[in-house]
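So you can see what is in the structure, the chains are spelled out below.
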Amino acid sequence: MQRVLKARQLVRVLRNSSSPILLNSVSRIQCHCTYEATESCLNSSSRRGYFTSGTTINGNYMQTECNIRRNVCQCEKCSRMLKASFSTEAGPVESSSATESVKELYDKMLKSVVEQRSAPPNAWLWSLIQSCVNHEDVNLLHDILQRLRIFRLSNLRIHENFNSALCQDITKACVRVGAIDLGKKVLWKHNVYGLTPNIGSAHHLLLFAKQHNDVKLLVEIMRLVKKNDLNLQPGTAEIVFSICSQTNNWDLMCKYGKRFVKAGVKLRKTSLETWMEFASKIGDVDALWKIEKIRSESKKEHTLASGLSCAKAFLIDHKPGDAAAIIQLLNQTIPDSRRQNFMVELQKLVTDWPLEVIKRQKDEKRKELAATLQHDIPAMLNALPNMGLNLDVNLEDLTEKQGVLS
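Thresholds applied
- Residues numbered from 1 in each chain as written.
- Predicted model: local features only at pLDDT ≥ 70, side-chain atom pairs only at ≥ 80, totals over all residues.
- Heavy atoms only, no water.
- Helix = DSSP H or I, 4+ residues; strand = E, 2+ residues; numbered from the N terminus.
- Buried < 20%, exposed > 50% of the residue type's maximum accessible area, 1.4 Å probe, protein only.
- Contact = heavy atoms within 4.5 Å.
- Phe/Tyr/Trp six-rings, centres within 6.5 Å; stacked < 30°, edge-to-face > 60°.
- Lys NZ or Arg CZ within 6 Å of the ring centre and 35° of its normal.
- pLDDT = per-residue confidence, 0-100.
- Expected span 1.5 Å × (residues − 1).
- Polar contact = N/O pair within 3.5 Å; in protein donor to acceptor, adjacent residues only side chain to side chain.
- Axes fitted to C-alpha atoms, helices over the stretch in contact; angles between N-to-C directions.
- Parallel < 35°, antiparallel > 145°, perpendicular 65-115°, else oblique.
- Left-handed = near helix turned anticlockwise from the far one by under 90°.
- Nonpolar A, V, L, I, M, F, W, Y, C, P; charged D, E, K, R; others polar.
- Core = buried A, V, L, I, M, F, W, Y, C linked by side-chain atoms within 4.5 Å.
- Salt bridge = Lys/Arg side-chain N within 4 Å of Asp/Glu carboxyl O.
- Patch = residues over 30% accessible without salt bridge, like charges linked within 9 Å, V, L, I, M, F, W, Y side chains within 5 Å.
- Areas by Shrake-Rupley, 256 points an atom, 1.4 Å probe, with all protein chains shown as cover.
- Lys, Arg positive; Asp, Glu negative; His and termini not counted.
- Charge placed at Lys NZ, Arg CZ, Asp CG, Glu CD.
- Disulfide = S-S within 2.5 Å.

As recorded in an unreviewed UniProt entry, the protein chain goes by Adenylyl cyclase and comes from Nicotiana attenuata.

Encoded structure:
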């Protein structure tokens, strides 16, 4: 009994230790101690005559033996769980709804890693990624990725993550089946799958958010991009601005626009057009001129969208002559192939834009802006012939809506 007491004291000391390295040792010692305690009790009780001739157990000994056996089983169970947590020999993922081709590839790769202790061919992994068609398939994919990472570290001494091209294809597979939560894990700098986060993977997730007009997902992805130090690209701004425009979220567009500019991202013409058109649509002249300054630093000539946005800003600022000058400049530089489109957009400026921009203003500013546009739009059109530009623009729609504007 003295030996058992000393062993139990040692167990208590190890259990109180903060070092995780001793966990398995504690588990083994506990099992060994309970075994010795059982053996000691059995020997002691046989000497004291607790057993009858029919091997029945009397007194409180039966309860004592049951408690000891329960502790032994629990220790063995914990030891097995700890071993499984840090081993590639853990049981395979149960997946009843996975497709047959994916399950077959998964089983082959699992057998190669666990039983044969050899790296499976790369073609199997690529084929597995391309074959994923549902959520369970992607679960199997991530399970084998985790096992491959452990195998590469422990057996092959390969510390590098999988390459970016593979990781982008994994993101595509996640997006294809709608497993967005698993797809977002590709953006994590520290992950258990050996994946390399890159902005290309973020673009696939952002395109999914654009397809579903999901602003919440957009915010989550951009937060992960920032947290994991991924470099913003012109393509990122293109997708983000498109989502903000589709969902009519001006504040979010300005927030990310400032972030792109601060990061030194060279915005594409289409991104700047989207940003300027949105600013002119809501009547935010100050923001529009700031965007125009950014545009002029990298782009010399106006596009049709950026030029007409500036013309709208001049009209809001009560400067119809400057608006007419911008339109004349566009007329001189625009190619003949886009002249018809130019006329269509100019007609929209006269008929559709005034109502839209007035509707977005606060009540106290609506009447003032309506009166300004009602006076300045005809003045702008009347100034065009004096500049040698004769355009056939219908003013009838604007005058018919005079009651609405005023």
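Student: How do you make sense of the side chain of N331 when you look at a structure like this?
Tutor: Here N331 is to be found in helix 16 (residues 320–333). Judged by relative accessible area, which is 17%, N331 ranks as buried. When sequence neighbours within four positions are dropped, the list of residues in contact with N331 reads R339, F342 and L389.

Student: Where do I start with the packing of aromatic side chains in this structure?
Tutor: For any pair of aromatic rings, the description rests on two quantities: the centre-to-centre distance and the angle between the ring planes. All told, the structure shown has four aromatic pairs when counted by the stated rule. The interplanar angle of 50 degrees and the centroid separation of 5.2 Å between the aromatic rings of F241 and W275 together place this pair among those described as tilted. In this pair, F241 is assigned in helix 11 (residues 234–246) and W275 in helix 13 (residues 269–282), connecting sequence segments 34 residues apart. What makes W275 buried here is its relative accessible area of 5%. Taken together, the aromatic side chains of F241, F260 and W275 make up a single cluster linked through ring pairs. A cation over a ring is seen here: R152 above F162, with NZ or CZ 4.5 Å from the ring centre. Over the ring of F278 we find K281; its NZ or CZ atom is 5.6 Å from the centre of that ring.

Student: Hey, could you run me through the confidence of the model for the protein chain in this one?
Tutor: Detail in the predicted coordinates should be disregarded across regions flagged by low pLDDT. In this model, the protein chain carries a mean pLDDT of 80, and residues with pLDDT of at least 70 account for 73%. Per-residue pLDDT stays below 50 along residues 13–91; that stretch engages in 57 contacts with residues further than four places along the chain or on separate chains.

Student: Mind showing me how you'd approach the environment of A287 here?
Tutor: Relative to the elements of secondary structure, A287 occurs in helix 14 (residues 285–298). Once the C-alpha coordinates of A287 and C254 are considered, the two residues, 33 residues apart in sequence, prove to be 8.7 Å apart.

Student: Help me understand helix 12 (residues 250–262) in this model?
Tutor: Every α-helix winds through 3.6 residues per turn, so residues three or four apart in the chain are directed the same way. The end-to-end C-alpha separation of helix 12 is 18 Å, in line with the 18 Å expected for 13 residues at 1.5 Å each. Those residues of helix 12 lying buried are W250, L252, M253, C254, Y256, G257 and F260. As for helix 12, its buried residues are in contact with helix 10 (215–227), helix 11, helix 13 and helix 14. A side-chain oxygen of the first residue of helix 12 lies 3.0 Å from the backbone nitrogen of L252; this N-cap is N249. Of the residues flanking the end of helix 12, it is G264, one or two places downstream, whose phi is positive at about 80 degrees.

Student: I keep staring at the packing of helix 7 (residues 164–177) against helix 9 (residues 199–211) and nothing clicks. Help me out?
Tutor: Packed helices, taken two at a time, are described by the angle between their axes plus the distance between the axes. For the pair helix 7 and helix 9, the least separation of the axes is 8 Å and the interaxial angle reads 15 degrees. Relative to helix 9, the element helix 7 is oriented roughly parallel. You can see that helix 7 and helix 9 cross each other, and the crossing is right-handed. Side by side, helix 7 and helix 9 meet where C167, Q168, T171, K172 and V175 of the first sit next to G200, S201, H204, L205 and F208 of the second. A breakdown of the residues in the contact of helix 7 with helix 9 according to their chemical character gives four nonpolar, five polar and one charged.

Student: Would you mind going over the nonpolar core with me for this structure?
Tutor: The tendency in soluble globular proteins is for nonpolar side chains to be buried side by side. One finds L218, V240, W250, F260 and I327 to be the most contacted residues of the largest nonpolar core, which totals 72 residues. Setting aside chain neighbours within four positions, we find I327 in contact with L308, A311, F342, L346, M380, L384, L389 and L391. In this structure, L140, L148, C167 and L182 belong to the second largest nonpolar core, which totals 30 residues.

Student: Which parts of the structure should I look at to understand the environment of Q246?
Tutor: Inspection of the secondary structure puts Q246 in helix 11. Along the backbone, Q246 and V215 are 31 residues apart, and their C-alpha atoms lie at a distance of 9.9 Å. Every residue in contact with Q246, bar those within four places of it in the chain, is listed here: K210 and N213.

Student: Help me out: how do you make sense of the pattern of salt bridges in this one?
Tutor: A side chain of one charge can pair with a side chain of the opposite charge if their charged atoms are brought near each other. Taken as a whole, this structure holds 11 salt bridges when the rule is applied. Among the ionic pairs, R295 bridges to E292, the shortest N-O distance being 2.8 Å. With R295 and E292 both in helix 14 and three residues apart, the pair spans about one turn of that helix. For E292, a relative accessible area of 12% puts it in the buried group. When salt bridges that share partners are traced, they join D181, K184 and E220 into one network.

Student: Help me out: how do you make sense of unusual backbone geometry in this one?
Tutor: What is expected of a backbone is that most residues other than glycine have negative phi and most peptide bonds are trans. Not every positive phi belongs to a glycine, and R117 is a case in point at roughly 55 degrees. By secondary structure assignment, the location of R117 is in the loop between helix 4 (100–114) and helix 5 (122–131). A relative accessible area of 37% means that R117 is categorised as partly exposed. In this structure, N213 takes a positive phi of about 50 degrees despite not being glycine.

Student: Honestly, helix 6 (residues 135–154) in this entry has me stumped. Any pointers?
Tutor: Between the first and last C-alpha of helix 6 there are 29 Å, a value that for 20 residues agrees with the 28 Å anticipated at 1.5 Å per step. Buried within helix 6 we find D137, V138, L140, L141, H142, D143, I144, L145, R147, L148, F151 and R152. Each element contacted by the buried residues of helix 6 is listed here: helix 4, helix 5, helix 7 and helix 8 (180–184). The N-cap residue of helix 6 is N134: its side-chain oxygen and the backbone nitrogen of E136 are 3.1 Å apart.

Student: Please explain a positive patch on the surface as it appears in this structure.
Tutor: Residues R223, K226, K255 and K262 make up a contiguous surface patch of positive charge. Every element with two or more residues in the positive patch is listed here: helix 10 and helix 12. Here K226 lies in helix 10.

Student: What should I look at first to understand the state of the cysteines in this one?
Tutor: Each disulfide is one covalent bond, formed between the sulfur atoms of two cysteines. Using the criterion set out here, one finds zero disulfides in the structure. Distance from the sulfur of C254, which forms no disulfide, to the nearest cysteine sulfur (C244) is 9.1 Å.

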